[in-house]
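Results of the structural survey
Next come the chains, spelled out residue by residue.
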Amino acid sequence: MSITSIISAIGNNNSVCPLIVRDCGIEVPTKIILTYNQNKKESKEVAKLAARERFLDEYAVSAVWLGGIPLVGKMADYFIRKKGFNPDINLKLFKNNSIQNINENIKNFKGKVSDSIIDELIKVKNNKSVYEKLLAGKFIASTTIPILFMGVILPKLIFASSAKKIEKQRAKEAKNRNSFSQSNEIIKDSIDFIKDKKISFKGNWISTAANFSTVDKMFVTDGGYAVGRVATARNKYEAIDVGFKMTGMMFLNFIAPKYIEKFLNSVFNVDLDPLMLGDKSFIEAVKNNKLKLPQNDTEKEILNFIDKNPDSILVKFAQKFNKVKLLENKVRDPRFYTDTQGLAKFINDIRKFVKNAKLDKNIQNYAFKSKIIKSASILTNIALSSALLAYGLPKAQFAFRKLVTGSDLEPGLAPAKKIL
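Residues numbered from 1 in each chain as written. Predicted model: local features only at pLDDT ≥ 70, side-chain atom pairs only at ≥ 80, totals over all residues. Heavy atoms only, no water.

Here we come to the overall build of the protein chain. Scanning the protein chain from terminus to terminus reveals 16 helices and zero strands. Across the 420 residues in the protein chain, those meeting the buried criterion constitute 47%. Per element, the accessible surface of the protein chain, about 21,900 Å² overall, is 59% carbon and sulfur. (Helix = DSSP H or I, 4+ residues; strand = E, 2+ residues; numbered from the N terminus. Buried < 20%, exposed > 50% of the residue type's maximum accessible area, 1.4 Å probe, protein only. Areas by Shrake-Rupley, 256 points an atom, 1.4 Å probe, with all protein chains shown as cover.)

For the coordinates displayed, the defined rule picks out 20 salt bridges. Salt-bridge contacts for Arg401 lead to Asp241; the nearest nitrogen and oxygen are separated by 3.1 Å. Taken as a pair, Arg401 in helix 16 (residues 363–405) and Asp241 in helix 10 (residues 236–268) lie far apart in primary sequence, 160 residues in all. Assigned by exposure class, Arg401 and Asp241 land together as buried. Of the charged contacts in the structure, one is a salt bridge between Lys287 and Glu284, with a shortest N-O distance of 3.7 Å. Of this pair, Lys287 and Glu284 both sit in helix 12 (residues 280–287), three residues apart, roughly one helical turn. The class for Lys287 is partly exposed, based on a relative accessible area of 38%. Owing to a relative accessible area of 36%, Glu284 belongs among the partly exposed residues under this scheme. (Salt bridge = Lys/Arg side-chain N within 4 Å of Asp/Glu carboxyl O.)

Time to look at the confidence of the model for the protein chain. Here the protein chain shows a mean pLDDT of 80. Residues at 70 or above account for 79%. The model gives residues 168–203 a pLDDT under 50, and that stretch makes 31 contacts with residues more than four places away or in other chains. (pLDDT = per-residue confidence, 0-100. Contact = heavy atoms within 4.5 Å.)

Turning our attention to the environment of Lys41. Within the fold, Lys41 resides in the loop between helix 2 (17–40) and helix 3 (44–82). What makes Lys41 exposed here is its relative accessible area of 56%. Residues Lys41 and Ser407, 366 residues apart in the sequence, show an inter-C-alpha distance of 9.8 Å. Side chain to side chain, Lys41 and Gln38 meet in a polar contact 3.3 Å long. (Polar contact = N/O pair within 3.5 Å; in protein donor to acceptor, adjacent residues only side chain to side chain.)

You can see Arg332 is positioned in the loop between helix 14 (313–320) and helix 15 (340–360). Looking at Arg332, its side chain comes within polar contact range of the side chain of Asp307, at 2.9 Å. For Arg332, the residues in contact, after removing those within four places along its chain, are Gln100, Phe109, Leu303, Ile306, Asp307, Val324, Lys325, Leu326 and Thr338.

For the rest of this paragraph, the subject is the nonpolar core. Ranked by internal contacts, the top residues of the largest apolar core, which has 30 residues, are Leu272, Phe282, Phe346, Ile350 and Phe353. Listed by contribution, the elements that provide at least two residues to this core are helix 11 (274–277), helix 12, helix 13 (299–308), helix 14, helix 15 and helix 16. Tallying contributions element by element places helix 15 first for this core, with eight residues. Ignoring anything within four residues of it in the chain, the contact list for Ile350 reads Leu272, Met276, Phe282, Leu291, Leu293 and Leu314. In this structure, Ile80, Ile102, Ile118 and Leu327 belong to the second largest nonpolar core, which totals 20 residues. (Core = buried A, V, L, I, M, F, W, Y, C linked by side-chain atoms within 4.5 Å.)

The final tally for this structure, using the stated rule, is six aromatic pairs. Between the aromatic rings of Phe244 and Phe400, the centroid separation amounts to 4.4 Å while the plane-to-plane angle is 10°, which identifies the pairing as stacked. Of this pair, Phe244 sits in helix 10 while Phe400 sits in helix 16, and the two are 156 residues apart along the sequence. The exposure class of Phe244 is partly exposed, given its relative accessible area of 29%. (Phe/Tyr/Trp six-rings, centres within 6.5 Å; stacked < 30°, edge-to-face > 60°.)

Once that is clear, we can look at a nonpolar patch on the surface. Nonpolar side chains collect at one region of the surface, where Leu148, Val152, Ile153 and Leu157 lie side by side and expose about 340 Å² of accessible area between them. Within the secondary structure, Leu148 is located in helix 6 (residues 128–163). (Patch = residues over 30% accessible without salt bridge, like charges linked within 9 Å, V, L, I, M, F, W, Y side chains within 5 Å.)

The backbone of Asn269 sits at a positive phi, close to 60°, despite the residue not being glycine. Along the chain, Asn269 turns up in the loop between helix 10 and helix 11. Residue class for Asn269 comes out partly exposed when judged on its relative accessible area of 37%. For Asn322, which is not a glycine, the phi torsion comes out positive at approximately 60°. Tracing the backbone shows Asn322 in the loop between helix 14 and helix 15.

This brings us to the environment of Val331. By the secondary structure assignment, Val331 is in the loop between helix 14 and helix 15. Overall, the relative accessible area of 19% leaves Val331 in the buried class. Separated by 22 residues in sequence, Val331 and Asn309 have C-alpha atoms that sit 10.0 Å apart. Setting aside residues no more than four positions away along its own chain, Val331 makes contact with Phe109, Lys112, Val113, Lys325 and Leu326.

Next comes the structure, spelled out in C-alpha cells:
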C-alpha cells in the first residue's frame, strides 16, 4: 500500500481507519502514561493500579469496539441468509419518491442482472415486514452485545481484579447502590421525557438503523457504553469522572474531526481525495478536456450517467470511495442504494478542481500541489484530533476531577479519606 493510499484511508472520517490510528496508535498509550503520572503525585501504589486498569480497559474496549461490532454484524448476516434473505439489500429502496424504488429496480434491471438478484429483490419486496425485523435484530445485536460487554461486564471484571489489590473495598456495595440509583434515575428521566414529548419510533427508523455504517454503530455503542460505565462506577465521584471522560471522547472521536476537516478544506480550498489528485488518468482527462461528468445533479441524471458510463473516471472513483456499487458485468447493483446527494457533492468538488486547475494553467503542477496540501490537511486533522483525545481530554479530566474530588487520584481507587 502506498503512502498516498494510507493517507487517503486515515482521512476518511466515515471509516474506522482514522479511529484505529487515533485510538490504538496514539490515544491509548498516551492516556496510560498520563494516568500513571497524574496518580503518582499522591500515591505510586494507586498509580500502578490506575495504569494497569487503564491498559486493560482501553485495549479490551478497542478490541470490542473495532472488531466486535463488525463480527456480530457478520454473524447476523449469516443468520439472515439462512432465513433466505440477502442482508445487502438496502431498505432505502422502498422510498416511493426515488427512481431507485425497489419496484423500478426490479423492472429496469430484469435481463441486465442475474435472475437470482431479481429473485432476492422480489422476496424482500413480498416480505418487507419480516426483512425489516431481521435487520432491526441485526442492529440491536451489533450494538447491545458490545455495550453490555464494554459497559457492564468488562468494568466489573477489572474492578474485581483491582479489588484484590486494594487495601479495603471502602464499602463498595453501598456506594455502588447509590451509583446505580443515580443512573437509573437518569434513564427513567429520559424515558419520561420521551413519553412527554410523544416521540415515536414508528416509521422508517428501522430503515435508518439498518443502514448505519460501522462508524454510526460505534457512535450508538459509545452512548450505551457511557451509560453502562456510569452505572457500574464504584462510587458517585467515579461516575461523574467517567461521565465527563465519555462525553469528551464521543465528541472528539465522532464530531470534532468532521468539523476540523470542513475547516481545513475551506482554508486550503482542496476537497478531493489525494488518491484522485495523484491519478494520472484523471489529470490527463482534465488537461485534454476529456473528463465526462453528468450535465446536472438530479438523481435521474446521475444514475443515467453511471449506467451509460461505467468505465468513466467518475464512476471509477465513486466505486473506489463506496459511493456506488457495480456488479462484475459493470451494471449498477440494484440491491445497493446510491446516495445521489453525496455523489452530487463529489461531482461539484471535481468541477471546482477542474475550474481552479485551468485557471492555474499548469494543471499537472496544480494537481501535485493540491495533493500535497490535502495530504497535509488530513495529517493535521489526525494530529490535532489525536492531541485533543490523547492529551487535551485527559488533562481536562484531571483538572475536573481535582475540582470535584479535591484529589489527583482515580476516584474508584483512591482511599476514602482522599476524596472530599
